[in-house]
Amino acid sequence: MTRASPVEDPVIELHAVRKIYRMGTEEVRALDGVSLQFGTGEFWAVMGPSGSGKSTLLNLLGCLDVPTAGRYLVHGEDVSGLDDDALSHLRLRRLGFIFQSFHLIPQLSVRENIELPLYYLGWDPAHSAERAVELAGLVGLESRVNHRPAELSGGQQQRVAIARALANDPEILLADEPTGNLDTATGEQIMRLLGDLHGQGKTILMVTHEPEIASFASHQLHLRDGRIERIEDPS
Amino acid sequence: MMTRRVPMLREIRLGIRTLILHKLRSLLTILGVVFGVGSVVAMLAVGEGASQEALRQIRQLGSHNLIIDSIKPTDEAVAGGGRVRMVMYGLRYLDEARIREGFPAVARLAPAKIIRKEVRLGATRMEMRVVGSTPDWFQLVRRPVVAGRVLTALDEEQGTAAAVLTEHGARRLLANANTLGQSILVDGKAFEVVGIIRSAGGEGAVQTPDQDVDIYIPMTTARRVFGDLTTRRTAAGHEREWVELHAMIVEARELADVEPLAWGIETMLRTSHPDGGYQIRVPLALLRQAEATRRNFNIVLGSIAGISLLVGGIGIMNIMLASVTERTREIGIRRAIGARRRQIVRQFLIETVVLSLTGGLIGVGLGLFIPLVITQVAGMPTVVTAWSLILSLGISVGVGIVFGLYPAARAARLDPIQALRHE
Ligand SMILES: Nc1ncnc2c1ncn2[C@@H]1O[C@H](COP(=O)(O)OP(=O)(O)OP(=O)(O)O)[C@@H](O)[C@H]1O
Ligand SMILES: [Mg+2]
């Protein structure tokens, strides 16, 4: 199963990607031959039942993991063979992550959490603080920059996480069930925020199993048993 | 393509903050290093104090000097029994002449006759060591002159009845600067007090040629007035002692001459005194020995301190391993954001070094304080040297690096995905 028409300038291309986990003698084919192109500015919802390989796919796309077989290209550059340092560098420069359980660092303030990518990019403190405050404003939390994550609600924490994911101005935003730990109303707030970012031209890849959440996306990818079951491509 | 490095200062500040977050735990963690470094500094201070004291005492004897003492043989070796015993031993006038003439390396030589006699000044009387010597004595055993003068070549030539007191001796005899020029009775013979010099002082382990309470008279006078034979009353009867010279201080021209000279004199004396009766002391050799002892002492102390530092280091490693486990998620987050393994290693290593260095600084404080207490309470001299502080701080940084490396490597090796899943 592939897309109806080839993409002009794909951000990401997958060619027969497999991810196999070996547990003793047993073999789990988390991804079993996935080939797909993701275009610039597209907003994808990755769906499927539990254990279908959604998170595995997102981790691969996020360069947190390498495929067992197949090729994975970012802007035409093969990433599958890169070493740990190069993958880290790729994440730092081009990717932004949003997680289901927010994953903020508890001992750092909101501002410092948002600054984290800039810290590793080597920005000077004054500039990165400025940018962090600006991003906090973008997600409506300018008044909370000096708070600790524990002092914020779940929705606010997720907004901080989004601000942090945006700090390095990534080409691709990756979100694994970003609304999974939030109530419906808060979840919709977050989705509107992602929708806005999509509107501004960000490429977003998001895992979810809620159809209402998926409806915010422009494209949908349905997985089952590590294979592409169905693609909903508006074009 | 690599990113710019994060400035060290920011990492250090972050490390300090993380550690302040767990104040009590951090404090308990560094106790081992605190005591380790504290004992290194304190023990080195005690060791240094002891060795400087020893060096001071030995230097007092003069590093260029040899001291030859006459030794009275033990009773069994003394020939003849009965009520009147005659003992003859020790250095001879001939030995003095031979040493003066036979060894070009000799710069100066001060022979000494040392006899115990009763000394009287006015109504006060006490037994004192009467030292007959030449003016060179005062060059080789340098003591500041408190009043008057020391013995001169003229005194020696003419055999005057001049006497020089030590400060302590003068005090006991109730003598002072006004006593100069007055007459003093030594074994009933009249002498004129011409000067008072400072006493040897110090209750050191090293025996100086002079003593606290001495009276110095010209050698020629001592020979003429008291002679070589002394009679002493003992429980068994009388004991008569024939001793020409009780001691000699020999000064070598060069430091390098000291030990060959000692060896040469030893060889010479062994031939002329086959039964012994003398002893050569070489302050330079004692000095060398003291330095060797100090080295060994420091090695032993260092090992003990090393063990406490090792224990301290293991304590730090233990806590850092716990911290890595506790902060697995944080590590996962940092890695997902794009931190390289090396940056994670740095982060944890810096935290560990901040910990151990803090321990080291507190330990130095402790190590500066303990010697003060030791000096106050035990009266032992202590000296804190700058290099011992630098060494201890260096060691504490080293401990941090050595014991922080494994936890930091563990943190960096974590798989980001697993780390993020960690609860
Ligand atoms: N580290 C691993 N070791 C072994 N098996 C794994 C590992 N990670 C994932 N799997 C397996 O791979 C398959 C896909 O897992 P994945 O986490 O991608 O599912 P998912 O679609 O995200 O499910 P959910 O909706 O429950 O999050 C599952 O069968 C899972 O058990
Ligand atoms: Mg999942």
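Residues numbered from 1 in each chain as written. Chains lettered and ligands numbered in written order. Predicted model: local features only at pLDDT ≥ 70, side-chain atom pairs only at ≥ 80, totals over all residues. Heavy atoms only, no water.

1. Here's the deal with the nonpolar core
Consideration 1: Core analysis: the biggest nonpolar cluster contains 110 residues, and Ile 12, Leu 14, Leu 61, Ile 162, Leu 194, Leu 205 and Leu 221 of chain A have the highest contact counts within it.
Consideration 2: With eight residues, the top contributor of residues to this core is helix α2 (residues 23-60) of chain B.
Consideration 3: With sequence-adjacent residues up to four places away left out, Leu 221 of chain A is seen in contact with Leu 36, Trp 44, Ala 45, Val 46, Met 47, Leu 57, Ile 228, Arg 230 and Ile 231 of chain A. (Core = buried A, V, L, I, M, F, W, Y, C linked by side-chain atoms within 4.5 Å. Buried < 20%, exposed > 50% of the residue type's maximum accessible area, 1.4 Å probe, protein only. Helix = DSSP H or I, 4+ residues; strand = E, 2+ residues; numbered from the N terminus. Contact = heavy atoms within 4.5 Å.)

2. What about the site of ligand 1?
Consideration 1: Taken together, 15 residues lie near ligand 1, and Ser 50, Gly 51, Lys 54, Ser 55 and Thr 56 of chain A sit nearest.
Consideration 2: Taken together, the residues near ligand 1 originate from chains A and B.
Consideration 3: Between an oxygen atom of ligand 1 and a side-chain N or O atom of Thr 56 of chain A, the distance comes to 2.5 Å.
Consideration 4: Taking 620 Å² as the accessible area of ligand 1 by itself, protein coverage stands at 70%.
Consideration 5: Of all the secondary-structure elements, those providing two or more residues to the shell around ligand 1 are β1 (10-23), β2 (26-39) and α1 (54-61) of chain A together with α13 (416-421) of chain B.
Consideration 6: For the shell around ligand 1, the element with the most residues is α1 of chain A, which contributes three residues.
Consideration 7: Grouping the amino acids of the shell around ligand 1 by side-chain chemistry returns five nonpolar, seven polar and three charged. (Near = heavy atom within 4 Å. Polar contact = N/O pair within 3.5 Å; in protein donor to acceptor, adjacent residues only side chain to side chain. Areas by Shrake-Rupley, 256 points an atom, 1.4 Å probe, with all protein chains shown as cover. Nonpolar A, V, L, I, M, F, W, Y, C, P; charged D, E, K, R; others polar.)

3. Quick word on the interface of chain B and chain A
Consideration 1: With 29 residues of chain B at the interface, the matching set in chain A holds 32 residues.
Consideration 2: Taking both sides of the interface into account, the surface hidden between chain B and chain A amounts to around 2,900 Å²; carbon and sulfur atoms contribute 56%.
Consideration 3: Broken down residue by residue, the surface that chain B buries against chain A is led by Arg 10, Ile 337 and Ile 417 of chain B, which jointly contribute 22%.
Consideration 4: The interface formed by chain B and chain A includes five salt bridges.
Consideration 5: Arg 17 of chain B serves as the salt-bridge partner of Glu 112 of chain A, at 2.4 Å between the closest nitrogen and oxygen.
Consideration 6: Counting across the interface, chain B meets chain A through eleven residue pairs in polar contact (both at pLDDT 80 or more).
Consideration 7: Broken down by secondary-structure element, the contributors of at least two residues to the side of chain B that touches chain A are α1 (8-21), α10 (328-337), α11 (341-378) and α13 of chain B. (Buried area = accessible area lost by both parts, 1.4 Å probe. Salt bridge = Lys/Arg side-chain N within 4 Å of Asp/Glu carboxyl O.)

4. A few points about the packing of aromatic side chains
Consideration 1: Tallying each qualifying case throughout the model produces five aromatic pairs over all chains.
Consideration 2: Members of the aromatic cluster, joined through ring pairs, are Trp 137, Phe 138 and Tyr 216 of chain B. (Phe/Tyr/Trp six-rings, centres within 6.5 Å; stacked < 30°, edge-to-face > 60°.)

5. Description of the environment of Val 383 of chain B
All names here are of chain B.
Consideration 1: One can find Val 383 in the loop between α11 and α12 (386-413).
Consideration 2: Through-space distance from the C-alpha of Val 383 to that of Val 46 is 6.6 Å; in sequence the pair is 337 residues apart.
Consideration 3: In this structure, Val 383 is in contact with Leu 44, Ala 45, Glu 48, Gly 49 and Gln 52, ignoring residues within four places of it in sequence.

6. A few points about the domain arrangement of chain B
Bring the parts together and some accessible area is lost; that lost area is often taken as the interface size.
Consideration 1: Each domain of chain B was delimited in the assignment, giving domain 1 (7-57 + 289-421) and domain 2 (72-276).
Consideration 2: Here the C-alpha centroids of domain 1 of chain B and domain 2 of chain B sit 57 Å apart. (Domains from an automatic or database assignment.)

7. Things to note about the sheet that holds strand β6 (residues 95-98) of chain A
Strands belonging to one sheet form pairs held by backbone hydrogen bonds; the direction of such a pair is parallel or antiparallel.
Residues and elements named next belong to chain A.
Consideration 1: Taken in spatial order, the six strands of this open sheet run β6-β7-β8-β3-β9-β10, and their pairing is mixed. Of all strands in the sheet, those bounded by a partner on one side alone are β6 and β10 (227-232). When the angles between neighbouring strand axes are averaged without regard to direction, this sheet yields 20°.
Consideration 2: The pairing of strand β9 (residues 219-224) with β10 spans five bridges and is antiparallel. Looking across to β10, one finds that Leu 223 is bridged to Ile 228.
Consideration 3: Here helix α6 (residues 184-199) sits on the sheet in contact with β3 (43-47), β6, β7 (172-176) and β8 (203-207), set at roughly 150° to β8. (Pairing = 2+ DSSP bridges. Axes fitted to C-alpha atoms, helices over the stretch in contact; angles between N-to-C directions.)

8. Details of the sheet that holds β1 of chain A
Residues and elements named next belong to chain A.
Consideration 1: Overall, antiparallel pairing links the four strands, which are arranged β2-β1-β4-β5 in an open sheet. Lying at the two open borders of the sheet, with one neighbouring strand each, are β2 and β5 (77-78).
Consideration 2: Here strand β4 (residues 69-74) runs beside β5; their pairing, made up of two bridges, is antiparallel. Bridge assignment links Leu 73 to a residue of β5, and that residue is Asp 78.
Consideration 3: Contacts between α1 and the sheet are confined to β1, β2 and β4, with β1 contributing the most and set at about 125° to the helix.

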